[in-house]
Amino acid sequence: MLQPVTSLTHLRAALATDPWFAACPDALQQALLDRARPVQLAPGQPLFGRGDDADGLCCVIAGALRVGALQSDGSESLLAYIEPYQWFGEISMLDGQPRTHDAVADGETRVLLVEQPRLYEWLDANPAHWRDLGRLACAKLRLAFSVLEDIAHLSLEQRLAKRLWLVAHGYGARTEGPRRQIRLPQEQLALMLGVSRQSMNKALKSLETQGMLALRYGVIELLDLPALGAAAGGA
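Residues numbered from 1 in each chain as written. Predicted model: local features only at pLDDT ≥ 70, side-chain atom pairs only at ≥ 80, totals over all residues. Heavy atoms only, no water.

With an unreviewed UniProt entry as reference, the protein is termed Crp/Fnr family transcriptional regulator, source organism Piscinibacter terrae.

Pasting the structure below:
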């Protein structure tokens, strides 16, 4: 059962563990909190779907979201696994276009939704802070470029090592230290990297044999993060 946030002070301190939010000016941090409302999601419940009208900037504060899309042939693509306290939804904030992907709760999840019309109104009155939304989008764009380069130049084993390293560090959002245990099923990892479950299992077993990780029931335990980063090409 998710525990309620005890106070705005505690929430703001938790949100500040994310480098993007921490780097935002105090005025913008407060504006986001003042215009946010919590959204509670049951396991498998969508926060939004691909093509939905944009309704605001979002941040996971408990649980996790799977971000991807269902393809026309019935197959699923999984692009990201979003955990506390990662912000997302800035693309539709910037261009006003519909949502690009589905965001579905992976277990019981709570999200802060900063309502778009109210945030637009504040940003129109404080236009210098649009740059901060641009910073958030640019961080995602840099990561997307890196993933495209990896597909062209890295082996599956290297790509897997890099993805595990990134998830452990919250894609740069974890300032309190990397996670040592990752609850990502092999099926989801395979979807994220665009390979079969059999290929994913083989790559995981190889990294396990090298002592970088251990496969537990429902959990991947990261035993040697420096080695994992080195295997990923110095991630």
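Taken across its seven residues, strand β8 (residues 109–115) has six buried, putting it largely inside the fold. With six bridges connecting them, strand β1 (residues 36–41) and β8 associate as antiparallel partners. Paired with A36 across the strands is V114, a residue of β8. The pairing of strand β3 (residues 56–62) with β8 spans six bridges and is classified as antiparallel. Note that in β8 the partner of G56 across the bridge is E115. (Buried < 20%, exposed > 50% of the residue type's maximum accessible area, 1.4 Å probe, protein only. Helix = DSSP H or I, 4+ residues; strand = E, 2+ residues; numbered from the N terminus. Pairing = 2+ DSSP bridges.)

With that settled, the discussion passes to the side chain of D18. Structurally, D18 is set in the loop between α1 (8–15) and α2 (19–23). Notably, D18 is buried but unbridged: the nearest opposite-charge side chain belongs to R135, and the N-O separation is 7.8 Å. From its side chain, D18 meets the backbone nitrogen of W20 in a polar contact 3.2 Å long. Engagement of the side chain of D18 in a polar contact is seen with the backbone nitrogen of F21, the distance being 3.0 Å. (Lys, Arg positive; Asp, Glu negative; His and termini not counted. Salt bridge = Lys/Arg side-chain N within 4 Å of Asp/Glu carboxyl O. Polar contact = N/O pair within 3.5 Å; in protein donor to acceptor, adjacent residues only side chain to side chain.)

In this section: the nonpolar core. If you look at the biggest cluster of nonpolar residues, it comprises 25 residues, and the most contacted ones within it are L160, L164, L189, L207, L222 and L228. With five residues, helix α7 (residues 156–168) is the largest single contributor of residues to this core. Residue contributions to this core reach at least three from each of two domains, namely domain 1 (8–148) and domain 2 (155–232). Those residues in contact with L222 that lie beyond four places of it in its chain are L164, A168, R179, R180, I182, M212, L213 and L228. One finds A31, L32, I61 and V114 within the second-largest nonpolar core, a separate group that totals 21 residues. (Core = buried A, V, L, I, M, F, W, Y, C linked by side-chain atoms within 4.5 Å. Domains from an automatic or database assignment. Contact = heavy atoms within 4.5 Å.)

Taken together, the side chains of L141, F145, L148 and I151 define a hydrophobic patch exposed on the protein surface, amounting to about 430 Å² of accessible area. By the secondary structure assignment, F145 is in helix α6 (residues 130–153). (Patch = residues over 30% accessible without salt bridge, like charges linked within 9 Å, V, L, I, M, F, W, Y side chains within 5 Å. Areas by Shrake-Rupley, 256 points an atom, 1.4 Å probe, with all protein chains shown as cover.)

Time to look at the packing of aromatic side chains. One pass over the full model with this rule turns up four aromatic pairs. Ring geometry for F21 against W87: centres 5.8 Å apart, planes inclined by 5°, an arrangement best described as stacked. Taken as a pair, F21 in helix α2 and W87 in strand β6 (residues 87–88) lie far apart in primary sequence, 66 residues in all. No difference in accessibility class separates F21 from W87, as the two residues are buried. Relative to W130, the ring of Y120 lies with its centre 5.9 Å away and its plane at 40°, an arrangement referred to as tilted. Residue Y120 is found in helix α5 (residues 116–125), and its partner W130 is found in helix α6; the two are separated by 10 residues along the sequence. Pairwise contacts between aromatic rings join W20, F21 and W87 into one cluster. Stacked on the ring of F48, the Lys or Arg R99 has its end atom at 4.3 Å from the ring centre. (Phe/Tyr/Trp six-rings, centres within 6.5 Å; stacked < 30°, edge-to-face > 60°. Lys NZ or Arg CZ within 6 Å of the ring centre and 35° of its normal.)

What follows concerns the state of the cysteines. What the rule picks out here adds up to zero disulfides. This cysteine, C24, is not joined by any disulfide, and C59 carries the nearest cysteine sulfur, 11 Å off. Of the cysteine sulfurs around C59, a residue in no disulfide, the closest is that of C58, at 8.9 Å. Take C59: its relative accessible area is 0%, and that puts it in the buried class. (Disulfide = S-S within 2.5 Å.)

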